[in-house]
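Fold and geometry: a report
So you can see what is in the structure, the chains are spelled out below.
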2 protein chains.
Amino acid sequence: MERIIGKYYIETPYPLEKAAAVLAGEQSSGTFVAVPGETEELKERFAARVEKITPLDSVDTPAIPGASAKPGAKYHRANIEVSWSIENFGYNLPVLVSTLQGNLYEITQFTGLKLMDIELPASYGEHFIGPRFGITGSKKSAGVTGRPMIGTIIKPSIGLTPQVTAALVKTLAEAGIDFVKDDELQSSAANSKFEDRVDAIMRVINTHADKTGKKVMYAFNLSGEVDDMLRRYEYLVKAGATCAMVSINSVGLSGTKKVCDQGQLVIHGHRNGWGMLNRHPLLGIEFPAYQKLWRLAGVDQLHVNGIQNKFWESDDSVVRSIEACLKPLFTGETPLPVVSSGQWGGQAFETWQRTHTTDLLYMAGGGIMAHPDGPTGGVVALQQAWEGAVKGLTLAQATQQYPEFAKSVEKFGGR
Amino acid sequence: MERIIGKYYIETPYPLEKAAAVLAGEQSSGTFVAVPGETEELKERFAARVEKITPLDSVDTPAIPGASAKPGAKYHRANIEVSWSIENFGYNLPVLVSTLQGNLYEITQFTGLKLMDIELPASYGEHFIGPRFGITGSKKSAGVTGRPMIGTIIKPSIGLTPQVTAALVKTLAEAGIDFVKDDELQSSAANSKFEDRVDAIMRVINTHADKTGKKVMYAFNLSGEVDDMLRRYEYLVKAGATCAMVSINSVGLSGTKKVCDQGQLVIHGHRNGWGMLNRHPLLGIEFPAYQKLWRLAGVDQLHVNGIQNKFWESDDSVVRSIEACLKPLFTGETPLPVVSSGQWGGQAFETWQRTHTTDLLYMAGGGIMAHPDGPTGGVVALQQAWEGAVKGLTLAQATQQYPEFAKSVEKFGGR
């Protein structure tokens, strides 16, 4: 029978075998005494199983509150692998999550516990369609080949009217942008109702597409209650939109999957709230595990932060996240990594050197909108940066070669 | 215009005013340079506002990774309050969450950030129905007055057949139990299909109700995809069930609200995964804030852990959580706090002394199922414990007075 494996990074003052056994017990039998009906046969079939324990270092101070070590004793770190039969939950994603990420974070025997990765069985690839569009569908829809999709976020995040937003989109479309998105704070605001914004923006995008053949992808922030999302989804389809954005953590797994299952729009998965789940090195979940769950749900584009971002995340972590998205999961489409946060083009060189892929949605906010030549200059500068990066130019060489990019370097390069 | 206030506990190496301003900026304008269109009028209407900063202590070591203090400098802690106009998001819960708990956890200027509480404006009380049943509806449905509802979890968590489960439920019903639930690991397993389990259990519960007039509340674990949940919800209603359980973190806010909005079943909100969101003192969210979001979604019963629980959480935190649930939010129903984890009756005394409420669902797993006289003895012992606690007896006095409870003390009291 197929099994699912959860790979955890743990810390405990207990012997590793004992702590791992507590985890497996909590996540399959879960009470403090033997109970009637728990036969050996039942345990063999349904109990979690500790598959592997790889001891790492020991430390003097616990990472998070939990059981105390005896005086002079240490807190032991390890990688452990625990498996469950798919007979326990079948293809039910929320129950899978409760199994992999449920009460185990409460176990006092651990002073650190992070889900690092998940191994999914082959039948999951048959059951779950995964991203309907992913990299292939996103780039095809926006008519992009041989380079990353270039995108921007409408800023200020919130407060612009549909008319002003649409005028910005027009400027960006004419500048050759591939992708524009709502900010995650903006869905339907007092002065920018969702439907009004769709009307104003899609008029611009459809007109531009009729004229040029290129349809700019706009990710309208659909996040909301299930019925509202479905109603607005239909509205988007009728308006000729190609993409919708979902704040995946805020909406949750079931609501997001319901939206993805409609299958007509590219789903842009915004991971705001991610820091809460990941920022501590020994609590929560790492991106390689996280992205698999959202791929199963069917998300087509997934945020991964960016090199030299304005947030706390390290460049190494960003590179690992891009690699995780690009690694095939079963045979289906692969989600498009969305690179963003403080990006202005200067980071294109290191991003390329460390990932050697153009299968990215490369997002710049201020880096486009605040370019000295205006948004038009911003879009051109980003395209130049990527052209230069892929050619193997250094940032300095690209600055020599591309005048718009040179202006970006002058304005943003000193940050 | 009404505003929503987020109350945060923060840590930063920067001056507090500066760090708070970064948070407010990120959560309303959010890029690193001024952009066209961001007028003063727009800022006044839509920008986040720092309302209050209360400095606390300073420390030498950062709580979580982020910006470093200068050599010899400190990390400053504070309580801060930030507000947003409801014009930004209206009554959209996921966008509210993205505003209160979105990218702000990524801000490098913070070395700690936890959402402690939320102040909601009056119109939220008109827009959101909240729990349809809550304390009143739960107790009425199960026919309980003047004492906590007594409940248990079917253990082993997973692996029993519907027939064995139903036989256990029969024993428990005859023993006078008020509430039984699936474990969160169990929804539809290979040897216990959801519908088969419903059939077997509701046959027992309905028969018992016909005979005695008391309908035991069984929380079937509905957690799953939206369509599956709705289909199974209907199945439960038709079978005469009164309650469904949702693993709220795993299903997410939109899916959970959709289930609550059906309005025919009490929704038992299981918070497995909570440790990931709360266990670190300076990362994530505290229960007073968390429970408000799920009350808005309409959850009727909410897990709060228990006194002397088997997990890491302190008794003080458990008491605060019970108080948070019981505190009225607007005029609607109040969610029933679900006390569980390592409970066997001995904790009834301190639970009563510290909360002075019987508006609880008091859950024991092993404490009931592994009682020396069997589950029947376990249920009686718990009722006795609460009767004694409310009478003002000490544990020792209750042990003298109640023989079944005395056996619990003998078996579980030495843990």
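Residues numbered from 1 in each chain as written. Chains lettered and ligands numbered in written order. Predicted model: local features only at pLDDT ≥ 70, side-chain atom pairs only at ≥ 80, totals over all residues. Heavy atoms only, no water.

Looking only at helices and strands, chain A features 18 helices and 13 strands. In terms of C-alpha radius of gyration, chain A reaches 24 Å, essentially the compact-globule figure of 22 Å for 415 residues. In chain A, which comprises 415 residues, the proportion classed as buried is 65%. Looking at chain A alone, contacts between residues at least 24 apart form 76% of all its contacts between residues at least 6 apart. Carbon and sulfur atoms form 51% of the exposed surface of chain A, whose accessible area is close to 13,800 Å². (Helix = DSSP H or I, 4+ residues; strand = E, 2+ residues; numbered from the N terminus. Rg over C-alpha atoms; globule rule 2.2 N^0.38 Å. Buried < 20%, exposed > 50% of the residue type's maximum accessible area, 1.4 Å probe, protein only. Contact = heavy atoms within 4.5 Å. Areas by Shrake-Rupley, 256 points an atom, 1.4 Å probe, with all protein chains shown as cover.)

Moving on, we get to the environment of V164 of chain B. Mapped onto the elements, V164 of chain B comes out in helix α6 (residues 162-174). Residues V164 of chain B and V338 of chain B lie 174 residues apart in sequence; the distance between their C-alpha atoms is 25 Å.

Attention shifts here to the packing of helix α10 (residues 253-260) of chain B against helix α12 (residues 287-297) of chain B. All names here are of chain B. The N-to-C vectors of α10 and α12 enclose an angle of 45 degrees; their axes lie 8 Å apart at closest approach. Between α10 and α12, the crossing angle belongs to the class labelled oblique. Across the interface between the two elements, L253, T256, K257 and C260 from α10 touch L293, W294, L296 and A297 from α12. The residue inventory of the contact of α10 with α12, partitioned by class, reads six nonpolar, one polar and one charged. (Axes fitted to C-alpha atoms, helices over the stretch in contact; angles between N-to-C directions. Parallel < 35°, antiparallel > 145°, perpendicular 65-115°, else oblique. Nonpolar A, V, L, I, M, F, W, Y, C, P; charged D, E, K, R; others polar.)

What UniProt calls "domain: Ribulose bisphosphate carboxylase large subunit C-terminal" (unreviewed entry) maps, in this numbering, to residues 135-412 of chain A. Spanning residues 135-412 of chain A, this segment combines 50% helix with 13% strand, and its end C-alpha atoms are found 29 Å apart. (UniProt positions renumbered as here; feature names shortened; annotations may be inferred.)

Moving on: the interface of chain A and chain B. Taken together, the 95 residues of chain A in the interface contact 95 residues of chain B. Taken together, the connections running from chain A to chain B amount to six salt bridges. Note that K257 of chain A is salt-bridged to E225 of chain B, the shortest N-O span being 3.2 Å. The tally of links from chain A across to chain B stands at 38 residue pairs in polar contact (both at pLDDT 80 or more). Only α2 (40-46), α3 (93-101), α8 (226-239), α9 (248-251), α10 (253-260), α11 (274-278), β10 (283-285) and α15 (366-369) of chain A provide two or more residues apiece to the side of chain A that touches chain B. Per-element tally for the side of chain A that touches chain B: the top contributor is α3 of chain A, with six residues. (Salt bridge = Lys/Arg side-chain N within 4 Å of Asp/Glu carboxyl O. Polar contact = N/O pair within 3.5 Å; in protein donor to acceptor, adjacent residues only side chain to side chain.)

A separate point is the confidence of the model for chain A. Confidence in the prediction of chain A, expressed as mean pLDDT, is 95, and 97% of residues score 70 or more. In the predicted complex, the global pTM is 0.97; the interface-specific ipTM is 0.96. (pLDDT = per-residue confidence, 0-100.)

Residue and element names in this part refer to chain B. Strand order in this closed barrel of eight strands is β5-β6-β7-β8-β9-β11-β12-β13, and the pairing throughout is parallel. Strand-to-strand twist across the sheet, computed as the mean angle between neighbouring axes with direction ignored, equals 25 degrees. Judged from the three bridges that link them, strand β7 (residues 217-221) and strand β8 (residues 243-247) form a sheet pairing that is parallel. Residue A219 lies in a different strand from β8, and its bridge partner there is C243. (Pairing = 2+ DSSP bridges.)

Our focus in this paragraph is empty space enclosed by the protein. Remark: the empty space left among the atoms is shown by a probe the size of a water molecule rolled over them. Considering all chains together, one arrives at six cavities of 30 Å³ or more under this definition. N249 and L277 of chain A together with N249, M276 and L277 of chain B are, among the 30 residues lining the largest cavity, the residues nearest its centre. Going through the elements one at a time, α3, α9, α11 and α12 (287-297) of chain A together with α3 (93-101), α9 (248-251), α11 (274-278) and α12 of chain B are the ones with two or more residues in the lining of the largest cavity. Residues that form the lining of the largest cavity fall into these classes: 18 nonpolar, 12 polar and no charged. (1 Å grid on protein atoms, 1.4 Å probe; cavity = no way out; pocket = protein on both sides within 12 Å on 5 of 7 lines; lining within 4 Å. Points joined across faces, edges and corners; volume = space filled by probe spheres on them.)

Turning next to helix α5 (residues 134-142) of chain A. Residue and element names in this part refer to chain A. Where α5 is concerned, the buried positions are G134, I135, G137, S138, K139 and A142. As for α5, its buried residues are in contact with β5 (149-153), β7 (217-221), β9 (266-270), β11 (301-303), α13 (315-326) and β12 (336-339). G143 lies just past α5 and shows a positive phi near 65 degrees.

All right, on to the domain arrangement of chain A then. All names here are of chain A. Domains assigned within chain A are domain 1 (3-127) and domain 2 (134-412). Centre-to-centre, using C-alpha coordinates, domain 1 lies 36 Å away from domain 2. Of the residues lining the interface, 24 residues belong to domain 1; the matching set on domain 2 comes to 19 residues. The largest per-residue losses of area from domain 1 upon contact with domain 2 belong to L93, K114 and L120, which jointly make up 32% of the total buried on that side. The tally of links between domain 1 and domain 2 comes to two salt bridges. In this structure, the salt-bridge partner of K114 is E286, at a minimum N-O distance of 2.9 Å. At the boundary of domain 1 and domain 2, one finds 10 residue pairs in polar contact (both at pLDDT 80 or more). Only β1 (3-12), α3, β4 (112-119) and α4 (122-127) provide two or more residues apiece to the side of domain 1 that touches domain 2. The residue inventory of the side of domain 1 that touches domain 2, partitioned by class, reads 17 nonpolar, three polar and four charged. (Domains from an automatic or database assignment. Buried area = accessible area lost by both parts, 1.4 Å probe.)

Residues and elements named next belong to chain A. Residues of β12 alternate between two faces, with L336 and V338 on one and P337 and V339 on the opposite face, all of them buried. Two strands pair when backbone bridges link them, and β11 and β12 are joined in this way by three bridges, in the parallel orientation. If you follow L302 over to β12, its bridge partner there is P337. Each parallel crossover has a hand, and for β11 linked through α13 to β12 it is right-handed. Pairing between β12 and strand β13 (residues 361-363): two bridges, direction parallel. From the neighbouring strand, V339 faces β13, where its bridge partner is Y362. (Right-handed = clockwise from strand over helix to strand, strands pointing away.)

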